[in-house]
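Chain residues, written in single-letter form:
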Amino acid sequence: MGSTLLVPIFIVWAVTCAAVGAALLRRAPAVSLALFGSVLGAIGGFLVGNADGPAEVPAYTAVGASVGLFANGGFGMLATSARPPSAPLRRAAWVTLIGAPLAAAVLTGLLQVACPLYVTGRRSGFCNYQEADLLGGWLSGVIVVFLLDAWFVTGLLLASARQALRSEDAMDPKWRRLASGVGAR
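I will try to describe carefully the structure that is included in this document. (Residues numbered from 1 in each chain as written. Predicted model: local features only at pLDDT ≥ 70, side-chain atom pairs only at ≥ 80, totals over all residues. Heavy atoms only, no water.)

### Quick notes on the packing of helix H1 (residues 6-23) against helix H2 (residues 29-51)
Consideration 1: At their nearest, the axes of H1 and H2 sit 7 Å apart, and the two run at 155° to each other. Relative to H2, H1 is oriented roughly antiparallel. Judged by the twist between their axes, the crossing of H1 over H2 is left-handed. On H2, the residues touching Phe10, Trp13, Ala14, Cys17, Ala18, Val20, Gly21 and Ala22 of H1 are Ser32, Leu35, Phe36, Ser38, Val39, Ala42 and Ile43.
Consideration 2: Partitioning the contact of H1 with H2 into residue classes produces twelve nonpolar, three polar and no charged. (Axes fitted to C-alpha atoms, helices over the stretch in contact; angles between N-to-C directions. Helix = DSSP H or I, 4+ residues; strand = E, 2+ residues; numbered from the N terminus. Parallel < 35°, antiparallel > 145°, perpendicular 65-115°, else oblique. Left-handed = near helix turned anticlockwise from the far one by under 90°. Contact = heavy atoms within 4.5 Å. Nonpolar A, V, L, I, M, F, W, Y, C, P; charged D, E, K, R; others polar.)

### So, a nonpolar patch on the surface
Consideration 1: Where nonpolar side chains cluster on the molecular surface, the patch consists of Trp94, Leu97, Ile98, Val144, Leu148 and Trp151 and spans about 620 Å² of accessible area.
Consideration 2: Of all elements in the fold, only helix H4 (87-114) and helix H5 (138-171) reach the threshold of two or more residues within the nonpolar patch.
Consideration 3: With respect to the helices, strands and loops of the structure, Val144 is situated in helix H5. (Patch = residues over 30% accessible without salt bridge, like charges linked within 9 Å, V, L, I, M, F, W, Y side chains within 5 Å. Areas by Shrake-Rupley, 256 points an atom, 1.4 Å probe, with all protein chains shown as cover. Salt bridge = Lys/Arg side-chain N within 4 Å of Asp/Glu carboxyl O.)

### Some details on the packing of aromatic side chains
Working definition: an aromatic ring pair is given by the centre-to-centre distance plus the angle between the planes.
Consideration 1: Within this structure, the stated rule accounts for two aromatic pairs.
Consideration 2: Taking the centre distance of 5.6 Å and the plane angle of 45° together, the rings of Phe10 and Trp13 count as tilted. A residue pair is termed a helical-turn pair when its members lie 3 or 4 positions apart in one helix, as Phe10 and Trp13 do in helix H1 at three residues.
Consideration 3: Take Phe10: its relative accessible area is 28%, and that puts it in the partly exposed class.
Consideration 4: A relative accessible area of 24% places Trp13 in the partly exposed class. (Phe/Tyr/Trp six-rings, centres within 6.5 Å; stacked < 30°, edge-to-face > 60°. Buried < 20%, exposed > 50% of the residue type's maximum accessible area, 1.4 Å probe, protein only.)

### Notes on the layout of surface pockets
Consideration 1: In this model, the largest pocket occupies a volume close to 1,200 Å³.
Consideration 2: As for the largest pocket, its lining consists of 41 residues, and the residues nearest its centre are Ile9, Trp13, Cys17, Leu107 and Phe146.
Consideration 3: Looking at the lining of the largest pocket, the elements with two or more residues in it are H1, H2, helix H3 (57-79), H4 and H5.
Consideration 4: Tallied by class, the residues present in the lining of the largest pocket amount to 33 nonpolar, seven polar and one charged. (1 Å grid on protein atoms, 1.4 Å probe; cavity = no way out; pocket = protein on both sides within 12 Å on 5 of 7 lines; lining within 4 Å. Points joined across faces, edges and corners; volume = space filled by probe spheres on them.)

### Quick word on H2
Consideration 1: Here H2 is 23 residues long and its end C-alpha atoms lie 33 Å apart, about the 33 Å a rise of 1.5 Å per residue gives.
Consideration 2: Immediately downstream of H2, the backbone of Gly53 shows phi near 115°, a positive value. (Expected span 1.5 Å × (residues − 1).)

### Considerations on the environment of Leu78
Consideration 1: On the secondary structure map, Leu78 appears in helix H3.
Consideration 2: A residue is classified by how much of its surface remains accessible, and Leu78, at 79% relative accessible area, is exposed.
Consideration 3: As a C-alpha pair, Leu78 and Ala30 span 48 residues in sequence and 8.4 Å in three-dimensional space.

### Looking at the side chain of Thr154
Consideration 1: Secondary-structure assignment places Thr154 in helix H5.
Consideration 2: When its relative accessible area of 6% is taken as the criterion, Thr154 is described as buried.
Consideration 3: Apart from residues lying up to four places away in sequence, Thr154 is in contact with Ala93, Thr96 and Leu97.

Spelled out as structure tokens, the structure:
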């Protein structure tokens, strides 16, 4: 099985990012930009990591994904605004926060199957741990970065929910009456 499992893992992750990004495009465009940037960053990280040989390519891919996520997410928060209603965005943030450790556990298991420890030489391919046992080498770093990325997405969702809530308040007739002074005594 070996490193051939890395391709389906990447494809499932990339399709999930694209699908969630597309679903949130109108409601939370900053989150969409972040997820799309994550996929582009992962591809860039793969190309950079593979340039000098296949060793530790999954780690470079994970770092590239994080750079794309953070850069595009930050840009998205500055350049776009979320749309109401805010409640689904808050729920999505909670699902992301609660689901991230579970997804990290599944990802850890899949990566350990795809890249078993103590496999070295040519047969290790992308899974090369640089001939050292570092308690999983790049694997533990990939999982930590995955969790940090999930927490960043949670923060983007909560910030988008706050933006959407402000829009909801601005459209609420009660707040419009209070702001205009109508009905005030």
